[in-house]
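Spelled out from the first residue to the last, the chains are:
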Amino acid sequence: MNKTSKIFVAGHRGLVGSAIVNRLQSEGFNNIICRTHKELDLSRQADVEAFFKEQRPEYVFLAAAKVGGILGNSTYPADFIYINLAIQSNIIHASYLNGVKKLLFLGSSCIYPKYCPQPMKEEHLLSGYLEPTNEPYAIAKIAGIKMCQAYNRQYGTRYISVMPTNLYGPNDNFDLETSHVLPALIRKFHEAKIKGKNEVEIWGTGTPRRELMHVADLADACVFLMRKYDDSEIVNIGTGKDLTIKELAETVAGVTGFKGALRFDTSKPDGTPLKLLDVSKINQLGWYARIDIETGIRDTYDWYVRCRQ
Ligand code: GFB
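Cut-off values and rules
Residues numbered from 1 in each chain as written. Predicted model: local features only at pLDDT ≥ 70, side-chain atom pairs only at ≥ 80, totals over all residues. Heavy atoms only, no water. UniProt positions renumbered as here; feature names shortened; annotations may be inferred. Helix = DSSP H or I, 4+ residues; strand = E, 2+ residues; numbered from the N terminus. Expected span 1.5 Å × (residues − 1). Buried < 20%, exposed > 50% of the residue type's maximum accessible area, 1.4 Å probe, protein only. Contact = heavy atoms within 4.5 Å. Near = heavy atom within 4 Å. Polar contact = N/O pair within 3.5 Å; in protein donor to acceptor, adjacent residues only side chain to side chain. Areas by Shrake-Rupley, 256 points an atom, 1.4 Å probe, with all protein chains shown as cover. Nonpolar A, V, L, I, M, F, W, Y, C, P; charged D, E, K, R; others polar.

You'll find the protein entered in an unreviewed UniProt entry as GDP-L-fucose synthase, with uncultured Desulfobacterium sp given as the organism. Taken verbatim from the UniProt record of the protein, the Catalytic activity (unreviewed entry) comment is "GDP-beta-L-fucose + NADP(+) = GDP-4-dehydro-alpha-D-rhamnose + NADPH + H(+)". Per UniProt, the protein has the following entry under Sequence similarities (unreviewed entry): "Belongs to the NAD(P)-dependent epimerase/dehydratase family. Fucose synthase subfamily."

J.: Please clarify how helix H1 (residues 15-26) should be interpreted in this entry.
T.: Residues three or four positions apart in an α-helix share a direction because the helix packs 3.6 residues into each turn. Spanning twelve residues, H1 covers 17 Å between terminal C-alpha atoms, matching the ideal 16 Å at 1.5 Å per step. Listed as buried for H1 are Leu 15, Val 16, Gly 17, Ser 18, Ala 19, Ile 20, Val 21 and Leu 24. Packing partners of the buried residues in H1 comprise strand E1 (7-10), strand E2 (32-33), strand E3 (59-62), strand E4 (102-106), strand E6 (166-168) and helix H7 (215-228). Positioned one or two residues after H1, Gly 28 has a phi angle of 90°, which is positive.

J.: I'm lost on the site of the ligand in this one. Help?
T.: In the region of the ligand, 22 residues are neighbours, and Ile 70, Lys 188, Arg 210, Pro 269 and Asp 270 sit closest. The contact in question runs from a nitrogen atom of the ligand to an N or O atom on the backbone of Ser 179, over 2.9 Å. Measuring from an oxygen atom of the ligand, one finds a side-chain N or O atom of Lys 188 at 2.7 Å. Considered on its own, the ligand offers 700 Å² of accessible surface; in the complex 98% of this is hidden by protein. Those elements that place two or more of their residues in the shell around the ligand are helix H3 (70-75), helix H6 (181-195) and strand E7 (199-203). If you tally residues by element for the shell around the ligand, the top one is H6, at three residues. Along the lines of polarity and charge, the residues of the shell around the ligand split into ten nonpolar, eight polar and four charged.

If you want it as structure tokens, here you go:
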């Protein structure tokens, strides 16, 4: 990949895609192509094939996806499986038809079994039952991994798949029904502080552990792997550190300046109890996450206050 390579970032307005575009631009890549959903519906095969035929990108970051938190996944399972299967199948196949040199597919840590040994290693894929709240999404992502591997085997393509841990950062979804935990907590604590409330509701028991990574670290890892990694086997991307939802909530309360109490709503699902990635493979390749959780939350909260309220 050189500075003038034609690079298509699919999903450039989302959390991940926007961070990848920022990262590429900051390194001087000057031939990045992007399309909004209105300009190109990636779930429509004929439109995607026409776009690839006309534009002929050399490199593809496949960051377009239907994503959401625990409630979004449980409420819209059909959308999560259908839209993701459609988008990734269209892009992977069009990349093959049009001679894309290399493609990076973004998976998710929820591809690993619900009761996976911790930390979760790449080899644990398909070794047990999935977490029911996000099974349709996970099945779509597993299909994407297998599709990249199958194309590499049959057609000699260079499609790599990366499995990020739970992500957060600027351009995240802050909708309280469909978002992931961190943007939801930022919004809840901020609004509670502004309105002078003395209590904030946290879903579940507060005991599940999650590993959270700032999306700027993910973008850095994706560009690193696009340059350095060529194997069909998946690669985890994470920080290697986790914390409980209660600890996360206390950290967000501290960053936002909320001084009241936490109330745990145990009628809401906890989801998978533990979700920590084993990141020794990417560490051995020479990459490490750099942004600690408190710095990352501060950055995201600043962005939220500036851009989203
Ligand atoms: O981030 P999250 O929605 O998804 O929830 P998962 C993580 C944990 O935070 C769960 C708790 O135990 C939630 O019950 N939580 C507490 C909250 N308060 C809140 C809140 O206000 N909002 C939300 N959303 N959670 C997702 C999958 O699982 O992980 C996706 O659904 C994807 O498919 C993603 O794989 C990485 O970590 O449980």
